[in-house]
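# Summary of the model geometry
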Amino acid sequence: MSFTKGDLLTKTRKLVNGLAKAKPVWLKAMEKAPPAVFPRAEKKVERICLPEDVYINKFYKKHPESLHEDPIKICDFDPTPSRIFGSRVLELKEQGVSEEEAIDVADMEYRLQKKTKKKAYKRLKEIARIRGTKPPPNPYPSAIKEIQAEEKKYVHDRFFNPRILEIVEKLKEQQDAEMHDRGRSIGM
C-alpha cells in the first residue's frame, strides 16, 4: 500500500508531477517551509502487560457477570474488583502461598465483599422502612442499572415529548407518501 505512505507534501508533489492534479497555490510556500516530520515507530507498539493481568483474565472467566455489573470509571481512583483480585493473588503468592490457593482465597474475599455490600444495602432499606422514609438509592448499583437510570429520561421523552411525536408523525407521512408514489410508478 504505497499510496498511504508519505506526508501531504510528498503526496501532492507526486500527483502534480504525474499530471494527476493541478499545482496548488500553497505548494511553493510549503516546499520552502515544510512541516515538521515526526519519527514513526518501525514496529507495532507493544501491548502493556502488568503482572496481575493474567489473574484479571482468570477472574473474568470465573465471574463473567462482573464485567457488566462492576462499573469501570475512568476518573475514579478506586481499582475495579478484578484489579483488586489480581493484586491480592500476587500479594499472596509473594507470601509463599501456591497459585491455586491464592486464587481461591482472593475469590473467597471477592464473594465475601460482594455479600457484605448486598447485606449493607438490604439493612439500609430495612432502616428506611422502619422510619417510614423512602429507601436510599443503591450505593453499589450495577453498571447496567446506572446506564438505564441515565437513559430513562430520554426513553420517556421518546414517547411523550410533543416535539418528538411531531417529528415521528412527519416521518410517517413521508414514508406513506413514498410508498404511495412507488405504488403508482410500479402500476404504470
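For clarity, every value in this text was computed on a predicted model and none was experimentally measured. (Residues numbered from 1 in each chain as written. Predicted model: local features only at pLDDT ≥ 70, side-chain atom pairs only at ≥ 80, totals over all residues. Heavy atoms only, no water.)

## Overview of the overall build of the protein
Quick note on the threshold: The way it works is that DSSP assigns letters per residue, a run of H or I at least four long becomes a helix, a run of E at least two long becomes a strand, and they are numbered from the N terminus. Radius of gyration: C-alpha atoms only; globule rule: 2.2 Å multiplied by the number of residues to the exponent 0.38. For every residue, the accessible area (1.4 Å probe, protein chains only) is compared with the maximum for its type, and the residue is labelled buried under 20%, exposed over 50%, or partly exposed between those bounds. Contacts were defined at the residue level, with two residues in contact if any of their heavy atoms lie within 4.5 Å. A positive count includes Lys and Arg, and a negative count includes Asp and Glu. His and the chain ends are not counted in either. Charge coordinates come from a single atom per side chain, which is NZ of Lys, CZ of Arg, CG of Asp or CD of Glu.
When its secondary structure is counted, the protein shows eight helices and zero strands. In the protein, the order of α-helices and β-strands from amino to carboxyl end is α-α-α-α-α-α-α-α. Over its C-alpha atoms the protein spans a radius of gyration of 30 Å, topping by over 25% the 16 Å that the globule rule assigns to 188 residues. Across the 188 residues of the protein, 16% fall into the buried class. Within the protein, contacts between residues at least 6 apart in sequence are counted, and of these 44% link residues at least 24 apart. Looking at charge distribution, the protein has the averaged site of its 40 positive side-chain charges lying 4 Å from that of its 30 negative ones.

## What about the side chain of Thr 12?
By secondary structure assignment, the location of Thr 12 is in helix H1 (residues 8-17). Residue classification places Thr 12 among the buried positions, given a relative accessible area of 4%. Once you skip the residues sitting within four places of it in the chain, Thr 12 turns out to touch Pro 24, Trp 26 and Leu 27.

## A short note on H1
Working note: α-helix, 3.6 residues per turn, so residues spaced by three or four point in the same direction. Here is the rule: Directions pointing from the helix axis toward each C-beta atom define the arc.
When we look at burial in H1, the residues that qualify are Leu 9, Thr 12 and Val 16. Along H1, the residues classed as buried sweep out an arc of 70° about the axis, all on the same side. Of the residues in H1, the exposed ones pointing more than 90 degrees away from the buried face are Lys 14 and Asn 17. Buried-residue contacts for H1 involve helix H2 (27-32). Downstream of H1 by one or two residues, Leu 19 has phi in the positive range, about 60°.

## Quick word on the pattern of salt bridges
The condition that has to hold: Each reported salt bridge corresponds to a side-chain nitrogen of Lys or Arg within 4 Å of a carboxyl oxygen of Asp or Glu.
Per the counting criterion, the structure on display carries eleven salt bridges. The closest approach of N and O atoms between Arg 111 and Asp 107, which form a salt bridge, is 3.0 Å. Residue Arg 111 and its partner Asp 107 are both found in helix H6 (residues 99-131); the two are separated by four residues, about one turn of the helix. Note on Arg 111: relative accessible area 46%, which makes it partly exposed. Overlapping salt bridges, with partners in common, bring together Lys 62, Asp 104, Asp 107 and Arg 111 in one network.

## Comments concerning the nonpolar core
For the record, the criterion: We define a nonpolar core as any set of buried Ala, Val, Leu, Ile, Met, Phe, Trp, Tyr and Cys residues linked to one another through side-chain atoms lying within 4.5 Å.
Core analysis: the largest hydrophobic core is formed by eleven residues, namely Tyr 55, Ile 56, Phe 59, Tyr 60, Phe 85, Val 89, Leu 92, Ala 102, Ile 103, Ala 106 and Tyr 110. Where this core is concerned, the elements lending two or more residues are helix H3 (53-62), helix H5 (81-94) and H6.

## Observations regarding the domain arrangement of the protein
Our working definition: For the domains described, the bounds stem from an automatic or database domain assignment.
Splitting the protein by domain gives domain 1 (1-35), domain 2 (52-131) and domain 3 (144-181). With centres defined by C-alpha atoms, the gap from domain 1 to domain 2 works out at 56 Å.

## Looking at H6
The criterion, for reference: Take the residue count of a helix, subtract one, and multiply by 1.5 Å to get its expected span.
Given a rise of 1.5 Å per residue, 33 residues ought to cover 48 Å, and the 48 Å separating the end C-alpha atoms of H6 matches this to within 8%. Turning to H6, its buried residues number three or more, namely Ala 102, Ile 103, Ala 106, Asp 107, Tyr 110, Tyr 121 and Ala 128. Backbone geometry just downstream of H6 places Gly 132 in the positive-phi region, at approximately 80°.

## Things to note about the environment of Thr 133
In this structure, Thr 133 sits in the loop between H6 and helix H7 (143-160). Residues Thr 133 and Lys 119 lie 14 residues apart in sequence; the distance between their C-alpha atoms is 19 Å.

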